[in-house]
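# Overview (structure and organization)
The residues making up each chain are set out below.
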Amino acid sequence: MSATRGDIHSKDISAVVQGAVGKETEKCLASVRKELPDAEIVLSTWKGCDVANLDFDKLVQNEDPGDLGWHFYGGNHISPVNYNRQLVSTKSGIEKASRKFVLKIRSDFFLENTDFLSFYEKYSKQAPEFSFFAHKVLIPSVYTRMFFSGSAYPCPFCFSDFLFFGLKDDISDYFSSGQLQKDEMFGWNFKHPDRKPDRLEMGRYMPEQFLAVDWAKRHNLEFEFGDCSDWSFELLELSNKLLLNNFIVFERITLILLNSL
């Protein structure tokens, strides 16, 4: 029997599980199958990954573009910048999706419930001049932020890229950039030390900002955002308008569990 919330049935959803196959992937796929039993599951990963005994409906095996070689440091946390990997695996996964709605989820997340479907239908009001989606897209609160965690400086255009739920066409549009980032974009800190408020943040932008800024400019929104230390009142106001008119922010603890956080 198809899981239903309001007018949305799991049979209308393609779950695009993107990223490397690791120890959490089997659990991720099982949780999607449990919570959305009639959804189409598209696993979009890398050539050479072991997908034996994994539960999915469609498989996409991409050439791995690699990480960007730079790392973000926060306390003792070190992680590669996987912006290009996310872009490649998400785009190709969505291309294989055949349902009206897409749930984009990382392969190291798992679903705890489907409460988010009720929130998706509840908040739909949009101002036309700042709305680029046919319907608001749901994203988690983690890394959707007004301020950079652990510091006091603002963080415009930082909309979480961990998980998305919405119309396939809307999410496809958000990830439709054909431009992979280059290593030098993440060496910005060394070339412009006077522009960086946080010496631990090495990129010109946060990865989430790359996505949001590219998307907004593809919709002919004209603004200058030099790097992630740019936080004029006008930019913050624009960022808020884009967030409020295009996204529904859902509290992550009731939606997903990420073991690495």
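Residues numbered from 1 in each chain as written. Predicted model: local features only at pLDDT ≥ 70, side-chain atom pairs only at ≥ 80, totals over all residues. Heavy atoms only, no water.

The biggest cluster of nonpolar side chains holds 36 residues, and the ones touching the most others in it are Phe157, Tyr174, Phe223, Leu242 and Phe247. Elements supplying a minimum of two residues to this core: α2 (83-96), β10 (137-140), α4 (168-174), α6 (207-218) and α7 (233-246). Residue contributions to this core peak at 6 residues, all from α6. Sequence-distant contacts of Tyr174, defined by excluding residues within four places in its chain, comprise Phe133, Phe159, Phe164, Glu208, Leu211, Ala212, Trp215, Arg218 and Phe247. Counting residues in each nonpolar core, the second largest holds 28 residues, with Leu36, Ile105, Leu117 and Phe162 among its members. (Core = buried A, V, L, I, M, F, W, Y, C linked by side-chain atoms within 4.5 Å. Buried < 20%, exposed > 50% of the residue type's maximum accessible area, 1.4 Å probe, protein only. Helix = DSSP H or I, 4+ residues; strand = E, 2+ residues; numbered from the N terminus. Contact = heavy atoms within 4.5 Å.)

Moving on, we come to the packing of aromatic side chains. Any two aromatic rings considered together are summarised by their centre-to-centre distance and by the angle between their planes. For the structure on display, the rule yields 23 aromatic pairs. Considering the side-chain rings of Tyr120 and Phe165, the 5.2 Å spacing of their centres and the 85° angle between planes classify their relative orientation as edge-to-face. Here Tyr120 is found in helix α3 (residues 116-122), whereas its partner Phe165 is found in strand β11 (residues 163-167), with 45 residues between them in sequence. Taking the relative accessible area as the measure of exposure, Tyr120 reaches 3% and is therefore buried. Taking the relative accessible area as the measure of exposure, Phe165 reaches 0% and is therefore buried. Cation over ring: Lys217 sits above Phe223, and NZ or CZ is 5.1 Å from the ring centre. (Phe/Tyr/Trp six-rings, centres within 6.5 Å; stacked < 30°, edge-to-face > 60°. Lys NZ or Arg CZ within 6 Å of the ring centre and 35° of its normal.)

Moving on: the environment of Met146. Mapped onto the elements of the fold, Met146 is located in the loop between β10 and β11. Given the relative accessible area of 41%, Met146 is considered partly exposed. The spatial distance from the C-alpha of Met146 to the C-alpha of Asn240 is 8.6 Å, given a sequence separation of 94 residues.

What follows deals with the packing of α2 against α6. Between α2 and α6, whose axes approach to 9 Å, the crossing angle comes to 50°. Of the possible angle classes, the one that applies to α2 and α6 is oblique. Crossing geometry of α2 relative to α6 is assigned as right-handed. Across the interface between the two elements, Tyr83, Gln86 and Leu87 from α2 touch Pro207, Phe210 and Leu211 from α6. When the residues that make up the contact of α2 with α6 are grouped by side-chain class, the tally is 5 nonpolar, 1 polar and no charged. (Axes fitted to C-alpha atoms, helices over the stretch in contact; angles between N-to-C directions. Parallel < 35°, antiparallel > 145°, perpendicular 65-115°, else oblique. Left-handed = near helix turned anticlockwise from the far one by under 90°. Nonpolar A, V, L, I, M, F, W, Y, C, P; charged D, E, K, R; others polar.)

Once that is clear, we can look at unusual backbone geometry. Excluding glycine, residues mostly carry a negative phi; peptide bonds, for their part, are mostly trans. We note that Tyr143 has phi near 70°; this positive angle belongs to a residue other than glycine. Relative to the elements of secondary structure, Tyr143 occurs in the loop between β10 and β11.

Moving on to the pattern of salt bridges. Throughout the structure, instances matching the rule amount to 9 salt bridges. Across the salt bridge formed by Arg33 and Asp55, the nearest N and O atoms sit 2.8 Å from each other. With Arg33 in helix α1 (residues 25-35) and Asp55 in the loop between β4 (40-46) and β5 (58-62), this residue pair connects regions lying 22 residues apart in the sequence. Taking the shortest distance from any N to any O, the salt bridge between Asp57 and Arg33 comes out at 3.3 Å. Note that Asp57 is positioned in the loop between β4 and β5 and Arg33 in helix α1, a separation of 24 residues in sequence. Assessed through its relative accessible area of 44%, Asp57 is described here as partly exposed. (Salt bridge = Lys/Arg side-chain N within 4 Å of Asp/Glu carboxyl O.)

Here the protein chain averages 84 in pLDDT, while 79% of its residues score no lower than 70. For the protein chain, strand β13 (residues 256-258) is the element with the lowest average pLDDT, namely 42, and strand β3 (residues 13-18) is the one with the highest, namely 98. In this model residues 253-261 is a low-confidence stretch, pLDDT under 50, and it forms 30 contacts with partners more than four residues away in sequence or in other chains. (pLDDT = per-residue confidence, 0-100.)

A word on α6. Counted at 1.5 Å a residue, the expected span for α6 with its 12 residues is 16 Å, and the 17 Å between its end C-alpha atoms agrees. Within α6, 10 of the 12 residues are buried, which leaves it mostly tucked inside the rest of the structure. Just past α6, the residue Asn220 takes up positive phi, approximately 65°. (Expected span 1.5 Å × (residues − 1).)

Counting buried positions along β11 gives 5 out of 5 residues, so the element sits mostly inside the fold. Relative to β11, strand β8 (residues 101-106) runs antiparallel, the two sharing 5 bridges. Bridge pairing in β11 places Phe101 opposite Leu167. (Pairing = 2+ DSSP bridges.)

Those residues of α1 that fall on the buried side of the exposure criterion are Thr25, Cys28, Leu29, Ser31, Val32, Arg33 and Glu35. Looking at the buried side of α1, the elements it contacts are β3, β4, β8 and β9 (109-111).

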